[in-house]
Amino acid sequence: MSKLGPRAIGALVVAALLVFTVAFVGVLVALVRNADEHDPVITAYAHGKTVNITPYVYCSVQMEDCRYGQTVELQVPKDYPLQLSLPKQIADAPWLAQVVYALPNGDRVDRVISHADFPAGALAVTIDSHPEPDLRLVGVELQLPILAKDKDTGKEFYLPHAAWSISTAA
């Protein structure tokens, strides 16, 4: 039996490492490809408290495969802002937010803000909880809209295929 020289041993070690690396990368690619895709999560912050907001509704852009969640509560006291941290998937999309305020008599005042009100790709949004003396923030629904068409009238309108809902009333 002949003895292997240092070069042969080195070549065998390199070959074994190469086989191991290729196998490892193959397993890693398979795991990533088969991993469950998670819906985007918004982080909301107000007055020292942070909550994660999972989608209230999340559908494909064809309005299929819909998943439903719940409205998340986060108390936002008067004179404290509501801050939203958006994942890149939402920040880079044309989103809009329905911001709901209440008057002292209980009447609602709806306002809309959108991605166009912020720098492109902004990852943070601040919403004033008390923009006018009589208004108090009671909720926000951030939406990812798609253009839809009424098949009877042919009218086009925007419909959210995904939405995150936050109740801020104390």
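All values reported here derive from a predicted model rather than from experimental measurement. Per chain, residue numbering runs from 1 following the sequence as it is written. Under the rules for a predicted model, residues below a pLDDT of 70 receive no local features and side-chain atom pairs below 80 are neither given nor counted, while totals for whole chains, interfaces and linings still include all residues. The basis for every side-chain value is the complete set of heavy atoms in the structure, and neither hydrogens nor water enter the calculation.

What follows covers the sheet that holds strand 1 (residues 42–46). Only when DSSP finds a minimum of two bridges between them are two strands counted as paired. The helix count covers DSSP runs of H or I at least four residues long, the strand count covers runs of E at least two residues long, and both are numbered beginning at the N terminus. The 4 strands lie next to each other as 2-1-6-9, forming an open sheet whose pairing is antiparallel. Pairing within the sheet leaves two strands with one partner each, and these edge strands are strand 2 (49–53) and strand 9 (124–127). Across the sheet, the axes of successive neighbouring strands diverge by a mean angle of 20°, strand direction being ignored. The pairing of strand 6 (residues 82–85) with strand 9 spans 4 bridges and is classified as antiparallel. Paired with Leu 82 across the two strands is Ile 127, which belongs to strand 9. Orientation is described by lines fitted to C-alpha atoms, with helices fitted over the stretch in contact, and by angles between N-to-C directions that extend from 0 to 180 degrees.

On to the side chain of His 161. Turning to its location among the elements, His 161 is positioned in strand 11 (residues 156–167). Working definition: with a 1.4 Å probe on protein chains only, accessible area under 20% of the residue-type maximum means buried, over 50% means exposed, and in between means partly exposed. With relative accessibility at 9%, the residue His 161 sits in the buried group. Apart from residues lying up to four places away in sequence, His 161 is in contact with Val 57, Tyr 58, Cys 59, Ser 60, Val 61, Met 63, Leu 144 and Ile 146. Contacts between residues were defined by any pair of non-hydrogen atoms, one from each residue, lying within 4.5 Å.

Once that is clear, we can look at the state of the cysteines. Working definition: a disulfide is two cysteine sulfur atoms within 2.5 Å of each other. Applying the stated criterion across every chain yields a total of 1 disulfide. There is a disulfide in this structure between Cys 59 and Cys 66, and the S-S distance comes to 2.0 Å. One quick way to see it: the torsion about the S-S bond of Cys 59 and Cys 66 is about 115°, and its sign makes the bridge right-handed. According to the relative accessible area criterion, Cys 59 is buried, its value standing at 4%.

In this analysis, rings of Phe, Tyr and Trp, with Trp reduced to its six-membered ring, are considered paired at centre separations within 6.5 Å, and the interplanar angle assigns stacked below 30 degrees, edge-to-face beyond 60, and tilted for intermediate values. The full count for this structure, using the stated rule, is 2 aromatic pairs. Ring geometry for Tyr 58 versus Trp 164: centroids 6.1 Å apart, planes at 70°, classification edge-to-face. Note that Tyr 58 is positioned in strand 3 (residues 57–58) and Trp 164 in strand 11, a separation of 106 residues in sequence. Residue classification places Trp 164 among the buried positions, given a relative accessible area of 0%. Seen in terms of ring centroids, Trp 95 and Phe 118 are 5.8 Å apart; in terms of plane orientation they differ by 35°. Their pairing is tilted. Remark: Phe 118 occurs in the loop between strand 8 (108–114) and strand 9 and Trp 95 occurs in the loop between helix 2 (88–91) and strand 7 (96–102); sequence separation between them is 23 residues. Note on Phe 118: relative accessible area 23%, which makes it partly exposed.

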